[in-house]
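Results of the structural survey
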Amino acid sequence: MIPLSQVISKKIGRAIFDYKMIKENDKILVAVSGGKDSLTMLYDLIQRRKSFPIHYDIVAAHIKTDFDNGCQKNVLEDIFQKWNVDYRIVNVSVVDRLKPGKKMNCYWCSTQRRIELMKLSDELGCSKVALGHHLDDIVETFLMNICLKGQISTMLPVLEYKKFPHTVIRPLALVPEHMIIKFTKSLGIDSITCKCPYGTNSGRKEIKEVVKLITDKNKFALENIFKAMHNVKPDFLINQENLGE
């Protein structure tokens, strides 16, 4: 039986090559929230450098906000030092940035953390910013945008920002969440999770339940939904040309 670490590594490698995520001499800012996903991503990118044919550098970055409940700075620092990776920890108060009359929400907090990542990437001269979104996240976002926004879109494995001179990459794009959960347990880092009190109130929780219902009936459903995003049949979608008279 192939070790889970190798299965995950193979999926990450496939994503890197299929979507051309990493180029020679890239300097990658790896966003580490302290959760299972970002730590799995960081671990693999560190290990991959030992045999990867393309040279790249890594800097781990943790944006510490007002809501990093249970995420201890020294615990993450211990991991970074144990894994022998360069790192930066930036403290940001997202509450203080709220405009008068506005309430805290996931989108606002995420946007502020993303801005800090881009600023740090600028300061360090990084060409790429790696985010720990996995296969489930991409599929859930796809379904959320359909159900809640009435649009067909999702997180991209590779996204070149127009406002920033950086490219966002998602190396875990082909890795299902259940593999990450098992893998972090095997490493003994599954308990290092930063939880946000606003996360449970998002629409993602409901969509996650829908995805679980679908995948419980069909184990290939998650991968098939992802494949569908690459296999669009425009002639069988409603648009202005085929709305009819």
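Scope of this entry: the structure provided in the associated data block. All residue numbers refer to position in the chain's written sequence, counted from 1. Per-residue local features are limited, in this predicted model, to residues with pLDDT of at least 70; the limit for side-chain atom pairs, both in listing and counting, is 80 or more; totals at the level of whole chains, interfaces and linings are taken over all residues. As a rule here, side-chain values come from all non-hydrogen atoms in the structure, and water together with hydrogens is ignored.

So, about the packing of helix α1 (residues 4–18) against helix α2 (residues 36–48). Between α1 and α2, whose axes approach to 11 Å, the crossing angle comes to 80°. The pairing of α1 with α2 is recorded here as roughly perpendicular in orientation. Residues I8, S9, I12, G13 and I16 of α1 touch α2, and the partners they reach there are T40, D44, L45 and R48. A breakdown of the residues in the contact of α1 with α2 according to their chemical character gives 4 nonpolar, 3 polar and 2 charged. Only the stretch in contact is used when fitting a helix axis, every axis being a line fitted to C-alpha atoms; angles between N-to-C directions are given from 0 to 180 degrees. The helix count covers DSSP runs of H or I at least four residues long, the strand count covers runs of E at least two residues long, and both are numbered beginning at the N terminus. We call two directions roughly parallel when the angle between them is under 35 degrees, roughly antiparallel when it is over 145, roughly perpendicular when it lies between 65 and 115, and oblique otherwise. Contacts are residue-level and defined by heavy atoms, with any inter-residue pair within 4.5 Å sufficient. All amino acids are sorted into three groups, where Ala, Val, Leu, Ile, Met, Phe, Trp, Tyr, Cys and Pro are nonpolar, Asp, Glu, Lys and Arg are charged, and the leftover types, Gly among them, are polar.

Here the focus is the sheet that holds strand β6 (residues 167–169). Either a parallel or an antiparallel arrangement is found when strands of a sheet pair, and the pairing is made through backbone hydrogen bonds. Should DSSP find at least two bridges between two strands, the strands are regarded as paired. One open sheet holds the 6 strands; their spatial order is β3-β2-β1-β4-β6-β5, and the pairing between them is mixed. At either margin of the open sheet sits one strand with a lone partner, and together these are β3 (86–91) and β5 (158–160). Strand-to-strand twist across the sheet, computed as the mean angle between neighbouring axes with direction ignored, equals 25°. Strand contacts of α2: β1 (26–31), β2 (56–64) and β4 (128–130), with the helix running at about 160° to β2, the strand carrying the most contacts.

We now examine unusual backbone geometry. Glycine aside, residues mostly have negative phi, and peptide bonds are mostly found in the trans state. Not every positive phi belongs to a glycine, and N25 is a case in point at roughly 70°. A positive phi angle, close to 55°, is found at N84, a residue other than glycine. Note that N84 resides in the loop between α3 (73–82) and β3. Between buried and exposed lies partly exposed: a residue is buried under 20% and exposed over 50% of the maximum accessible area for its type, with that area taken using a 1.4 Å probe on protein chains only. In this structure N84 comes out as exposed when scored by relative accessible area, which is 70%.

A few words now on the packing of α2 against helix α6 (residues 177–187). Orientation of α2 relative to α6, taken along the N-to-C sense of each, is 75°, at an axis distance of 10 Å. Classified by the angle between their axes, α2 and α6 sit roughly perpendicular to one another. Where α2 abuts α6, its residues K36, D37, T40 and Y43 lie against E177, I180, I181, F183, T184 and L187. A breakdown of the residues in the contact of α2 with α6 according to their chemical character gives 5 nonpolar, 2 polar and 3 charged.

Within the largest apolar cluster, 45 residues are counted, with the highest numbers of intra-cluster contacts made by I22, V30, V32, L42, L45 and I58. The dominant element in this core, judged by the number of residues it contributes, is helix α5 (residues 135–149), at 6 residues. Not counting residues within four places of it along the chain, the set of residues in contact with V32 comprises S38, L39, L42, A60, A61, H62, L76 and F80. Among the buried residues, those of types Ala, Val, Leu, Ile, Met, Phe, Trp, Tyr and Cys that are joined through side-chain atoms within 4.5 Å form a nonpolar core. Of all hydrophobic cores here, the second largest spans 16 residues; its members include C109, L117, C126 and V168.

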